Amino acid sequence: MTSAPVSRVGVVGAGLMGSGIAEICARQGLVTRVCEQDEAALHEARRRVERSLERGHSTGKLSADEQEGALERLLFTTDVETFGDCDLVIEAIVERLADKIALFEQLDRITPESAILATNSSSLPIIEMARVTQRPDRVLGTHFFNPAPVMKLLELVRTIATSDQTLERARAFGESLGKHIIVAQDRGGYIVNLLLIPFLTHAVRVYESGFATRDDIDEGMKLGCGHPMGPLQLLDYIGLDTALFVCEALYSEYANADYAPPPLLRRMVAAGRLGTKSGRGFYEYEGGKLLR
Ligand code: NAD
């Protein structure tokens, strides 16, 4: 199987994460196909990437030529069947195993045999996605962090079936994007979320018990521990729906109460308070900017 560098990437699902992943790939000179499930979501994805590139230009991080070049390399579609020429496809759809498995079956049929199929999942068992393909050795996790163009880390997750060659090809791809690579095993939460999620859910429990206010919890961790943002605000940035899916995946993996979703998290998701993406979570936002 090939170890040629990745030059054509496909990204399926261009919400918070997929749009950022597509942006950095296009900025690094890779032809980048981006697929969303309908025209409205595709339009939103395109706007998000365009706004981010415009911000990069206005803050002097990107020249006009770089901005234009990235836009030219981004090919938006609602038809994943056009991904037949990709060397690597990264799925960044909703954190629901059944949806991801269905997508992997489809991608296995569409893409060249040599292509790597990757998931941006935060917590799910990647072997379950690999096993429905004819190429489990070419499946792994490429776990980017939010916002993908800014965060330095890329957590590669290898299953018991991922080949060394696939891991090294993914490492070279990640390094070409300027990311620092860590390698995790395919166990719920991998490295970062295994440690982070119990901390975040504990903050929700502290808040819902009335023990401390939202602002005191967040300021405490910012000023006392040097975190760039407090746990409740970080949950808003992750998306409370995504955080809930991750808690459920971890709880189902380990049956440990530390990972169980706090009732308030469930209620907020049920009420549509998903964080920055819906304008309200633990805080309120307008156009992504913190209001109060
Ligand atoms: P999101 O809800 O912002 O975006 C998901 C997108 O996928 C939506 O735009 C949706 O329309 C699209 N989608 C769903 N099914 C699709 C399909 N079949 N085909 C094409 N598009 C489809 O979610 P997100 O926060 O971007 O998370 C995406 C993935 O990344 C999840 O697996 C999540 O666990 C993971 N992740 C999230 C974060 C975070 O901080 N939010 C960080 C790291 C990893």
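Before reading further, recall that the structure is shown in the block above.
Residues numbered from 1 in each chain as written. Predicted model: local features only at pLDDT ≥ 70, side-chain atom pairs only at ≥ 80, totals over all residues. Heavy atoms only, no water.

Caption draft 1: Geometry of the overall build of the chain. Per the secondary structure count, the chain includes 11 helices and 10 strands. Compactness check: the chain gives a C-alpha radius of gyration of 19 Å against a globular reference of 19 Å for 292 residues, within 12% of the reference. Each principal axis of the C-alpha distribution contributes one length, and for the chain these read about 55 × 45 × 35 Å. A buried classification covers 47% of the 292 residues belonging to the chain. Long-range contacts, defined here as pairs at least 24 residues apart, represent 67% of the contacts in the chain between residues at least 6 apart. A total accessible area of about 13500 Å² is found for the chain, and carbon and sulfur atoms account for 52% of it. Across the chain, the centroid of the 32 positively charged side chains sits 2 Å from that of the 40 negatively charged ones. (Helix = DSSP H or I, 4+ residues; strand = E, 2+ residues; numbered from the N terminus. Rg over C-alpha atoms; globule rule 2.2 N^0.38 Å. Buried < 20%, exposed > 50% of the residue type's maximum accessible area, 1.4 Å probe, protein only. Contact = heavy atoms within 4.5 Å. Areas by Shrake-Rupley, 256 points an atom, 1.4 Å probe, with all protein chains shown as cover. Lys, Arg positive; Asp, Glu negative; His and termini not counted. Charge placed at Lys NZ, Arg CZ, Asp CG, Glu CD.)

Caption draft 2: Main features of the environment of Glu248. When you line up the elements, Glu248 lands in helix H10 (residues 240–254). Along the backbone, Glu248 and Thr119 are 129 residues apart, and their C-alpha atoms lie at a distance of 18 Å.

Caption draft 3: Local environment of the packing of helix H7 (residues 192–208) against H10. Between H7 and H10, whose axes approach to 11 Å, the crossing angle comes to 115 degrees. Taken as axis vectors, H7 and H10 run roughly perpendicular relative to one another. For the element pair H7 and H10, the recorded crossing hand is left-handed. On the side of H7, the interface is formed by Asn193, Leu194, Ile197 and Thr201, while H10 contributes Val246, Cys247, Leu250 and Tyr254. In terms of residue class, the contact of H7 with H10 is made up of six nonpolar, two polar and no charged. (Axes fitted to C-alpha atoms, helices over the stretch in contact; angles between N-to-C directions. Parallel < 35°, antiparallel > 145°, perpendicular 65-115°, else oblique. Left-handed = near helix turned anticlockwise from the far one by under 90°. Nonpolar A, V, L, I, M, F, W, Y, C, P; charged D, E, K, R; others polar.)

Caption draft 4: Expanded view of the site of the ligand. Residues in close proximity to the ligand total 21 residues, the closest being Glu36, Glu95, Lys100, Ser122 and Ile238. In the environment of the ligand, an oxygen atom lies 3.0 Å from a nitrogen or oxygen atom belonging to the backbone of Leu16. The side chain of Lys277 places a nitrogen or oxygen atom 3.3 Å from an oxygen atom of the ligand. Going through the elements one at a time, helix H1 (16–27) and strand E6 (139–144) are the ones with two or more residues in the shell around the ligand. Taken together, the residues that form the shell around the ligand break down as eight nonpolar, nine polar and four charged. (Near = heavy atom within 4 Å. Polar contact = N/O pair within 3.5 Å; in protein donor to acceptor, adjacent residues only side chain to side chain.)

Caption draft 5: The packing of aromatic side chains, seen in detail. Per the counting criterion, the structure on display carries three aromatic pairs. Note that Arg214 overlies the ring of Tyr283, its terminal NZ or CZ placed 3.9 Å from the centroid. (Phe/Tyr/Trp six-rings, centres within 6.5 Å; stacked < 30°, edge-to-face > 60°. Lys NZ or Arg CZ within 6 Å of the ring centre and 35° of its normal.)

Caption draft 6: Broad picture of the pairing of strand E2 (residues 31–35). With four of its five residues buried, E2 lies for the most part within the structure. As for the winding sense of the linkage, the β-α-β connection from strand E1 (residues 8–12) through H1 to E2 is right-handed. Inspection of the sheet shows E2 paired to strand E3 (residues 74–77) by four bridges, in the parallel sense. For Arg33, the partnering residue across the bridge sits in E3 and is Leu75. (Right-handed = clockwise from strand over helix to strand, strands pointing away. Pairing = 2+ DSSP bridges.)

Caption draft 7: Structural view of the pattern of salt bridges. Inspection of the entire model under this criterion finds 18 salt bridges. Its salt-bridge partner being Glu128, residue Arg131 comes within 3.5 Å of it at the nearest N-O pair. Classification of Arg131 by relative accessible area gives exposed; the value is 59%. Here Glu128 falls in the partly exposed class, since its relative accessible area comes to 28%. We note a salt bridge from Asp241 to Lys277, for which the minimum N-O separation is 3.0 Å. (Salt bridge = Lys/Arg side-chain N within 4 Å of Asp/Glu carboxyl O.)

Caption draft 8: Representation of the side chain of Ser19 in the model. Relative to the helices and strands, Ser19 resides in helix H1. If we skip the residues at most four places from it in the chain, Ser19 touches Ala14, Ala45, Arg48 and Val49.

Caption draft 9: Spatial organisation of unusual backbone geometry. Note that the residue after Asn146, namely Pro147, is joined by a cis bond; omega there is 0 degrees. Following the sequence through the fold, Pro147 ends up in the loop between E6 and strand E7 (153–158). The backbone of Tyr190 sits at a positive phi, close to 55 degrees, despite the residue not being glycine. Within the element layout of this structure, Tyr190 appears in the loop between strand E8 (180–185) and H7. The phi dihedral of Ala255 is positive, around 45 degrees, even though this residue is not glycine.

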